[in-house]
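# Residue-level structural notes
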Amino acid sequence: MIQAVESSAHASAPVLAAYSYCETVTGQQARNFAYGIRLLPAPKRRAMSALYAFSRRVDDIGDGELAADVKVARLEEARATLARIHEGAVEEDDTDPVAVALAHAARRFPIPLGGLDELIDGVQMDLRGETYETWDDLKVYCRCVAGAIGRLSLGVFGTEPGAHGAERAPEYADTLGLALQLTNILRDVREDAEDGRTYLPADDLAKFGCSAGFSGPKPPEGSDFAGLVHFEVRRARALFAEGYRLLPMLDRRSGACVAAMAGIYRRLLDRIERDPGAVLRGRVSLPGREKAYVAVRGLSGLDTRHVTRRAVRRRA
């Protein structure tokens, strides 16, 4: 069982200011993530914002225009910040508000901060220009950049006392992260190609005649691009189905947060499945009203009840 261990003490003014900074970063830059964490009580919402702000910093280093050697140095600086947090060496008056907020969150919740080291590992894989021959190879990367975020988030959410199978909660959180990341990879396939990056496994690309890559709004000549997309959609759906087993283990508002974030990505997956070529023509997204609907659905507990009923049938 994973339980939140929140302190009853109120946060100081400097810590609240640091959290406010992280929440601003999250609100401005986390288009999908922000819809989910709005459903959390304030302490958990702040902690999740701190996690997001640090993760955003790491991602921005990898995706930015800095020279490669500068990026490497900045990532090592991020690791050094994590080390200071681990050591309890970040004071409330530190000049880095993300470090202040994350250090406070790590004291209030059992957050496995090593997951952020894994995120840095994943960004370093990007800097090295790594490609992936098989799905098993790609899973290593996805676990670094997304599965780890799932496990970090679980440290904030905690699991309900007596939740059946709670010892597997980190595994399900990790798998849900993989599902979200594979959806991201499908959505961004052309944008990544323009940046010189290929994430889909080489053996999948070869199987569907897509090894030439995606440099324009049309699939490679003679390829079965729709077949490739549908193949990866089925893989993502299987990951979502497995990861959703986490929902009944969470309290109502944490479950609503996860259901909202995952639900947005599942709807993106639906759109991609209906029109595979859309990912080559532009960025597939959901309108705000649809994201709001998914958040309300998550708060209603519909997805959690569905997963619970299915689990009961399996055990019967």
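These lines cover the structure that appears in this document, whether it is placed above or below.

Reading the values: rules and limits
- Residues numbered from 1 in each chain as written.
- Predicted model: local features only at pLDDT ≥ 70, side-chain atom pairs only at ≥ 80, totals over all residues.
- Heavy atoms only, no water.
- Helix = DSSP H or I, 4+ residues; strand = E, 2+ residues; numbered from the N terminus.
- Expected span 1.5 Å × (residues − 1).
- Polar contact = N/O pair within 3.5 Å; in protein donor to acceptor, adjacent residues only side chain to side chain.
- Buried < 20%, exposed > 50% of the residue type's maximum accessible area, 1.4 Å probe, protein only.
- Axes fitted to C-alpha atoms, helices over the stretch in contact; angles between N-to-C directions.
- Parallel < 35°, antiparallel > 145°, perpendicular 65-115°, else oblique.
- Left-handed = near helix turned anticlockwise from the far one by under 90°.
- Contact = heavy atoms within 4.5 Å.
- Nonpolar A, V, L, I, M, F, W, Y, C, P; charged D, E, K, R; others polar.
- Core = buried A, V, L, I, M, F, W, Y, C linked by side-chain atoms within 4.5 Å.
- Salt bridge = Lys/Arg side-chain N within 4 Å of Asp/Glu carboxyl O.
- Phe/Tyr/Trp six-rings, centres within 6.5 Å; stacked < 30°, edge-to-face > 60°.

## Looking at helix α12 (residues 252-274)
- Here α12 is 23 residues long and its end C-alpha atoms lie 32 Å apart, about the 33 Å a rise of 1.5 Å per residue gives.
- Capping of α12 at its N-terminal end is provided by Asp251; its side-chain oxygen lies 3.1 Å from the backbone amide nitrogen of Arg253.

## As for the environment of Arg168
- In this structure, Arg168 sits in the loop between α7 (135-157) and α8 (169-187).
- Its relative accessible area of 34% is what places Arg168 among the partly exposed residues.
- Between the alpha carbons of Arg168 and Leu269 there is a distance of 26 Å; along the sequence they are 101 residues apart.
- There is a polar contact of 2.6 Å between the side chain of Arg168 and the side chain of Glu171.

## Examining the packing of helix α3 (residues 42-63) against α7
- One can describe the packing of α3 onto α7 by two numbers: an axis separation of 9 Å at closest approach and a directional angle of 155°. Regarding the angle of α3 to α7, the classification is roughly antiparallel. Here α3 and α7 pass one another in a crossing that is right-handed. Residue-level inspection shows Lys44, Ala47, Met48, Leu51 and Ser55 of α3 in contact with α7, the latter providing Ile149, Leu152, Ser153, Val156 and Phe157.
- Tallied by class, residues from the contact of α3 with α7 come to seven nonpolar, two polar and one charged.

## Some thoughts on helix α11 (residues 225-243)
- Here α11 contains 19 residues, and its C-alpha end-to-end distance of 27 Å stays within 8% of the 27 Å for a straight helix at 1.5 Å per residue.
- Those residues of α11 lying buried are Phe225, Gly227, Leu228, Val229, Glu232, Val233, Arg235, Ala236, Leu239, Phe240 and Gly243.

## Remarks on the nonpolar core
- Among the nonpolar cores identified, the biggest contains 98 residues, and Leu102 and Leu116 are the most heavily contacted of them.
- If we skip the residues at most four places from it in the chain, Leu102 touches Ala50, Leu51, Phe54, Leu82, Ile85, Leu113 and Leu116.

## Digging into the pattern of salt bridges
- Scanning the entire structure with this criterion turns up 28 salt bridges.
- For Glu242, the salt bridge is made with Arg168, and the minimal N-O distance between the two is 3.9 Å. Taken together, the residues span a long stretch of sequence, with Glu242 in helix α11 and Arg168 in the loop between α7 and α8 at a distance of 74 residues.
- Between Asp204 and Arg235 there is a salt bridge, with the nearest N and O atoms lying 2.9 Å from each other. Of this pair, Asp204 sits in helix α10 (residues 202-207) while Arg235 sits in helix α11, and the two are 31 residues apart along the sequence.
- Overlapping salt bridges, with partners in common, bring together Glu76, Arg79, Asp117 and Asp121 in one network.

## A closer look at the packing of aromatic side chains
- Scanning the entire structure with this criterion turns up six aromatic pairs.
- Relative to Tyr199, the ring of Tyr141 has its centre 5.2 Å away and its plane inclined at 25°; by these criteria the two rings are stacked. In this pair, Tyr141 is assigned in helix α7 and Tyr199 in the loop between α9 (189-194) and α10, connecting sequence segments 58 residues apart. The same class applies to Tyr141 as to Tyr199, namely buried.

## Overview of the side chain of Arg187
- By the secondary structure assignment, Arg187 is in helix α8.
- When its relative accessible area of 10% is taken as the criterion, Arg187 is described as buried.
- A polar contact of 3.0 Å, which involves the side chain of Arg187, links it to the side chain of Asp188.
- If near-sequence neighbours (up to four positions away) are discounted, Arg187 is found in contact with Asn32, Leu268, Ile272, Val279, Arg283 and Val284.

Remember that the coordinates give geometry; whether it matters functionally is a separate question.
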